[in-house]
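# Commentary on secondary and tertiary structure
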Amino acid sequence: MTLTISQARRLILNRQGLTKKDAFGRGINAVERAIKTLRYVQIDTISVVDRAHHHVLKTRVSNYQPKHLEQLLSEKRRIFEYWHHAAAYLPMEDYRFYLPIMRGFGASRKVNKKVATEVLARIRAEGPLMSKDFEAPPGKKNSGWWDWKPAKLAMEHLFLSGQLMVAERKGFQKCFDLTERVLPAEVDTTLPDDQERARFYVLQILASQGVSRPQDIAYMRTIASRWEKYKILPGIRGLLEELKESGEVIEMNLAGQLYYALQQDVEALPARLPKPRIILLSPFDNLVINREKLSQLFNFDYQIECYVPEPKRKFGYFTLPILFGDKFIGRTDCKAHRAKNLLEIKNIWLEPKVKIDDSLAQHFVSAFNAYAEDLGCTNIKINVPQDMNFQTRLRSLV
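Along each chain, numbering runs from 1 in the same order as the chain's sequence is written. The predicted origin of the model limits local features to residues at a pLDDT of at least 70 and limits the giving and counting of side-chain atom pairs to 80 or more, whereas totals for whole chains, interfaces and linings rest on all residues. With hydrogens and water stripped out, all remaining heavy atoms of the structure feed into the side-chain values.

What follows covers the side chain of Asp333. Only runs of H or I of at least four residues qualify as helices and only runs of E of at least two qualify as strands under DSSP, and these elements are numbered from the N terminus. With respect to the helices and strands, the residue Asp333 is situated in strand β10 (residues 327-337). Under the scheme applied here, a residue whose accessible area is under 20% of the maximum for its type counts as buried, over 50% as exposed, and between as partly exposed, the area being computed with a 1.4 Å probe on protein chains only. Think of it this way: Lys and Arg go in the positive column, Asp and Glu in the negative one, and His and the chain ends go nowhere. Salt bridge, as used here: a side-chain nitrogen of Lys or Arg that lies within 4 Å of a carboxyl oxygen of Asp or Glu. Of the side chains bearing the opposite charge, Lys346 lies closest to the buried Asp333, which forms no salt bridge; the N-O distance is 4.8 Å.

Here is the structure:
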């Protein structure tokens, strides 16, 4: 079958929880539903405006609070931390499908066994610990296993190989405990075989992404971890053919390429989008993380430039993609000055065909006001150096 690009975008946005405000509801249960639907929320340390995991969830649950994530992780044990295509929060119900990755990591990497044994012994005796708990006492020189760096490396190895789990976060520091003390007793720990695991991930990625090509599924690096040494694209294509024959998956032509979607999601495709609103997305948002797919289906070429040397940046250090309805209309360079309670809009770059009028300006101001409130900022400073008329219009509406 063939969907139009507009229909494909609508399907993607619907599955991503971005077609309407509070698509998952409100409160901690909505946060859990969002994570279950998205299947992962990337963790990132950059906080120019907001850390990625908070930003992603705020765009989908309007009354999201960081404490919701903490409660789901450390109190309710409904989510856990591990590696997806990057460090991420994951639904606890998916735990068993990461066991092969954990075992593969444990077998493929060497670790100082003495240090690892000491780390496990201390955590078993003292309870959850952070890497800083293994630093040498004041006035004493680091030496042997007590040196914080070997201990930190051992903790990360024990975490990635499944012997430790993140029990909580203190500040932004991971606090590790023994897996048997963190993992809820009811969680299924049966090791999935390759076929079961592949089927699970293909179906879950299609469910969360709306439409995907085989290479998009492989891009997420979930069927085979980056430590496994076999090619996965042939297996994905074969499984998609099986799912197509069973009627679970639909194959479609989009922009001259074959995409796949779940039959049930296509049948539930909304007839139209609600009234459009501007959403400022994180550079690590699930919708934009696959830049090639973003370019092909949304005609939006985006790159985060914090990793680009400053002289080579076209836009800014940490620009946010701007979504309006089912189109990306530009990007904005923002910074939250929390000590001053100020959200600074350093610049806005609109896509070439975007028409600036009073209605669009009002949408921008509404989005900036909401974003400032989310960040705890009471003031907004707007600069649009390349378009003073647009800047004046925005400032007059703030």
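Here the narrative resumes, following the displayed structure.
This paragraph deals with helix α14 (residues 358-374). Helix length check: α14, at 17 residues, gives a terminal C-alpha distance of 24 Å against a target of 24 Å (1.5 Å per residue), a fit within 8%. Within α14, burial applies to Leu360, Ala361, His363, Phe364, Val365, Ala367, Phe368, Tyr371 and Ala372. Any pair of nitrogen or oxygen atoms within 3.5 Å is treated as a polar contact; in protein, a donor-acceptor pairing is required on top of that, and neighbouring residues in sequence qualify only through side-chain atoms on both sides. The opening residue of α14 is Asp357, an N-cap whose side-chain oxygen sits 3.2 Å from the backbone nitrogen of Ser359. Of the residues trailing α14, Gly376 is marked for its positive phi of about 75°. Multiplying one less than the number of residues by 1.5 Å gives the expected span of a helix.

So, on to the pairing of strand β12 (residues 379-382). Only one face of β12 is buried, namely the one carrying Ile380 and Ile382, since none of Asn379 and Lys381 on the opposite face is buried. A pair of strands counts as paired when DSSP detects no fewer than two bridges linking them. Direction of pairing for strand β11 (residues 342-350) relative to β12: parallel, over a ladder of four bridges. Following the sheet pairing, Leu343 is matched in β12 by Ile380. Convention used here: a crossover is right-handed provided that the path from the first strand, over the helix, to the second strand proceeds clockwise when the strands point away from the viewer. The β-α-β motif built from β11, the intervening α14 and the parallel element β12 has right-handed crossover chirality.

Quick look at the packing of helix α2 (residues 28-38) against helix α4 (residues 66-75) now. Here an angle of 0 to 180 degrees is reported between the N-to-C directions of two axes, which are lines fitted to C-alpha atoms, with helices fitted over the stretch in contact. Running from N to C, α2 and α4 point in directions that differ by 70°, and their axes come no closer than 9 Å. Judged on the interaxial angle alone, α4 and α2 are roughly perpendicular. Contacts between α2 and α4 involve Ile28, Val31, Glu32 and Ile35 from the former and His68, Leu69, Gln71 and Leu72 from the latter. Each residue gets one label: Ala, Val, Leu, Ile, Met, Phe, Trp, Tyr, Cys and Pro are nonpolar, Asp, Glu, Lys and Arg are charged, and the others, such as Gly, are polar. Of the residues that constitute the contact of α2 with α4, the class distribution is five nonpolar, two polar and one charged. Should an angle lie under 35 degrees it is considered roughly parallel, over 145 roughly antiparallel, and from 65 to 115 roughly perpendicular; all remaining angles are considered oblique. Residues are treated as being in contact if the distance between any of their heavy atoms lies within 4.5 Å.

Turning next to unusual backbone geometry. The backbone of Arg39 shows a phi angle near 75°, a positive value even though the residue is not glycine. Along the polypeptide, Arg39 turns up in the loop between α2 and β1 (41-42). Notably, Arg77 is not glycine yet its phi reads approximately 55°, a positive angle. Among the secondary structure elements, Arg77 is positioned in the loop between α4 and β2 (79-83).

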